[in-house]
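If you want the building blocks of each chain, they are given just below.
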There are 2 protein chains.
Amino acid sequence: MVVRLELSDGEVDRLFRALADATRRDIVRRTLVGEASVSELADAYDMSFAAVQKHVAVLEEARLVTKEPRGRERIVRADPEQIGRARALLVQLEELWHARFSQLDAVLDVDPDT
Amino acid sequence: MVVRLELSDGEVDRLFRALADATRRDIVRRTLVGEASVSELADAYDMSFAAVQKHVAVLEEARLVTKEPRGRERIVRADPEQIGRARALLVQLEELWHARFSQLDAVLDVDPDT
DNA sequence: AAGACGTACAACCATCTGGTTGTATATTAG
DNA sequence: CTAATATACAACCAGATGGTTGTACGTCTT
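The rules behind each value
- Residues numbered from 1 in each chain as written.
- Chains lettered and ligands numbered in written order.
- Predicted model: local features only at pLDDT ≥ 70, side-chain atom pairs only at ≥ 80, totals over all residues.
- Heavy atoms only, no water.
- Axes fitted to C-alpha atoms, helices over the stretch in contact; angles between N-to-C directions.
- Helix = DSSP H or I, 4+ residues; strand = E, 2+ residues; numbered from the N terminus.
- Parallel < 35°, antiparallel > 145°, perpendicular 65-115°, else oblique.
- Contact = heavy atoms within 4.5 Å.
- Nonpolar A, V, L, I, M, F, W, Y, C, P; charged D, E, K, R; others polar.
- Salt bridge = Lys/Arg side-chain N within 4 Å of Asp/Glu carboxyl O.
- Polar contact = N/O pair within 3.5 Å; in protein donor to acceptor, adjacent residues only side chain to side chain.
- Near = heavy atom within 4 Å.
- Least-squares fit on C-alpha atoms with pLDDT ≥ 70 in both.
- Pairing = 2+ DSSP bridges.

Hey, could you run me through the packing of helix α2 (residues 22-33) of chain B against helix α4 (residues 49-61) of chain B in this one?
Helix-helix packing is characterised by the crossing angle of the two axes and by the distance between the axes. Residues and elements named next belong to chain B. Relative orientation of the contacting elements α2 and α4 amounts to 70°, with a least axis distance of 10 Å. The pairing of α2 with α4 is recorded here as roughly perpendicular in orientation. Where α2 approaches α4, its residues Thr23, Arg24, Ile27 and Val28 are matched on the opposing element by Val52, His55, Val56, Val58 and Leu59. A class-by-class count of the residues in the contact of α2 with α4 yields six nonpolar, two polar and one charged.

Have a look at this one:
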């Protein structure tokens, strides 16, 4: 399977949007540690099954989670690679900050870690 | 100045929410490379000044950006530390994944700071 | 076969979001 | 002083979001 590394603006929007909710971050944590069915997840939160179902759908569209049928259940698993991609985007931003000093550093021969 | 490292759920929500918009990510990039006034930023986008003003406000509430008065202008600067905090949150998630395979599980489960 | 379980999906609702325009106020330039 | 500039902020709007309930359907269990 070929995995596209580049994410479009819309995909990045969906990725960070999906992470901007405490329930969804918790679902990611749980399914990162071990797979779970949607109803198992739903049992963990004080909201309707349908609400949890929607949260899982948002995570799935953001590719933070995959859903696989198993009998009448849908097994949810987090995708650590997509989390890594989100992290990489932030690292890119931070590199932009470091680059701010690089030209001056070259001239003055200053330690870039300070 | 004391900086609180721990972010509440609501603060994390706002942080990722702020990053979930291409215009806002671009504002962060620009102000990370070099400070800019709100109107300088507004000139860069095909939307009203007020719209950009709102984006900057969202970034400010997420603490991704600070606004300092200078004469009649408001100078916007990105805060690399807050970006680092967002990155740290993702790293924490990824560590949860790695822990899945190691015996550190027991240790992490007992850690009172989580 | 019948009922329980797990999921899907539609309809509905209140609130939030991202944009707009318009008006007011502070600061700088001439 | 006056005019231009930079910002603030309110009101408004369409569409998205996060929740609900209700209904339908496939899959187990007995």
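Can you walk me through the interface of chain B and chain A in this structure?
Frequently, the measure chosen for interface size is the accessible area removed from exposure when the parts meet. Between chain B and chain A, the contact holds 28 residues from the first and 27 residues from the second. The interface formed by chain B and chain A holds six salt bridges in total. Residues B:Arg87 and A:Glu94 are paired through a salt bridge, measuring 2.4 Å at the closest nitrogen-oxygen approach. At the boundary of chain B with chain A, the tally comes to eight residue pairs in polar contact (both at pLDDT 80 or more). Top element by residues in the side of chain B that touches chain A is helix α5 (residues 80-99) of chain B. It accounts for eleven residues. Residues that form the side of chain B that touches chain A fall into these classes: 16 nonpolar, two polar and ten charged.

What's the story with the protein's contact with DNA strand D in this structure? I'm lost.
The immediate surroundings of DNA strand D are formed by 21 residues, with A:Ser48, A:Lys54, A:His55, A:Gly71 and B:Ser39 found nearest. Considering the 4 Å shell around the protein, atoms of DNA strand D inside it are sugar or phosphate in 66% of instances. Here a sugar or linking oxygen of DNA strand D and a side-chain polar atom of A:Arg17 are 3.0 Å apart. Secondary-structure elements contributing two or more residues to the surface near DNA strand D are α4 (49-61) of chain A together with α3 (38-43), α4 and β3 (73-78) of chain B.

Could you clarify how one ought to interpret the protein's contact with DNA strand C in this entry?
Taken together, 21 residues form the shell around DNA strand C, and within it A:Ser39, A:Arg74, B:Ser48, B:Lys54 and B:His55 come nearest. Of all DNA strand C atoms lying within 4 Å of any protein atom, the proportion belonging to sugar or phosphate reaches 67%. Contact between DNA strand C and A:Ser39: a phosphate oxygen at 2.6 Å from a main-chain N or O atom of the residue. Here a phosphate oxygen of DNA strand C sits 2.8 Å away from a polar atom, N or O, in the main chain of A:Arg74. Counting residues per element, the ones that place at least two in the surface near DNA strand C are α3 (38-43), α4 and β3 (73-78) of chain A together with α4 of chain B. Of the residues contributing to the surface near DNA strand C, the split by class is six nonpolar, six polar and nine charged.

Looking at this structure, I do not really get the relation of the copies chain B and chain A. What am I missing?
One copy of the chain maps onto the other through a rotation about an axis plus a displacement along that axis. Mapping chain B onto chain A leaves a residual RMSD of 0.0 Å; the transformation is a rotation of 180° accompanied by 0.0 Å of translation along its axis. Overall, the copies show the geometry of a two-fold rotation axis. Interface overlap between copies: 96% of the residues of chain B at the interface are likewise at the interface in chain A, consistent with a symmetric, same-surface contact.

What should I look at first to understand the pattern of salt bridges in this one?
Any two side chains of opposite charge can pair, given that their charged atoms come close. Taken as a whole and judged by the stated rule, the model has 20 salt bridges over all chains. Here B:Arg25 makes a salt bridge to A:Asp13, at a shortest N to O gap of 2.8 Å. Linking B:Arg25 in helix α2 with A:Asp13 in helix α1 (residues 9-19), this pair reaches from one chain into another. Within the structure, one salt-bridge network assembled from shared partners comprises A:Glu35, A:Glu68, A:Arg70 and A:Arg77.

Looking at this model, I keep getting lost on the pairing of strand β2 (residues 65-70) of chain A. Mind explaining?
Along a regular strand, successive side chains alternate from one face of the sheet to the other. Residues and elements named next belong to chain A. Pairing of β2 with β3, which is carried by six bridges, proceeds in the antiparallel orientation. Bridge pairing in β3 links Pro69 to Arg74. The hairpin formed by β2 and β3 contains two residues between the paired strands, and Gly71 there has a positive phi angle of roughly 60°.

Hey, could you run me through the sheet that holds β2(A) in this one?
Strand pairs in the sheet, formed through backbone hydrogen bonds, run parallel or antiparallel to each other. Residue and element names in this part refer to chain A. With antiparallel pairing, the three strands of this open sheet are ordered in space as β1-β3-β2. Across the chains shown, the open sheet's two edge strands, defined by having one partner strand only, are β1 (36-37) and β2. Seen against the sheet, α4 touches β2 and β3 and runs at an angle of roughly 120° to β2.

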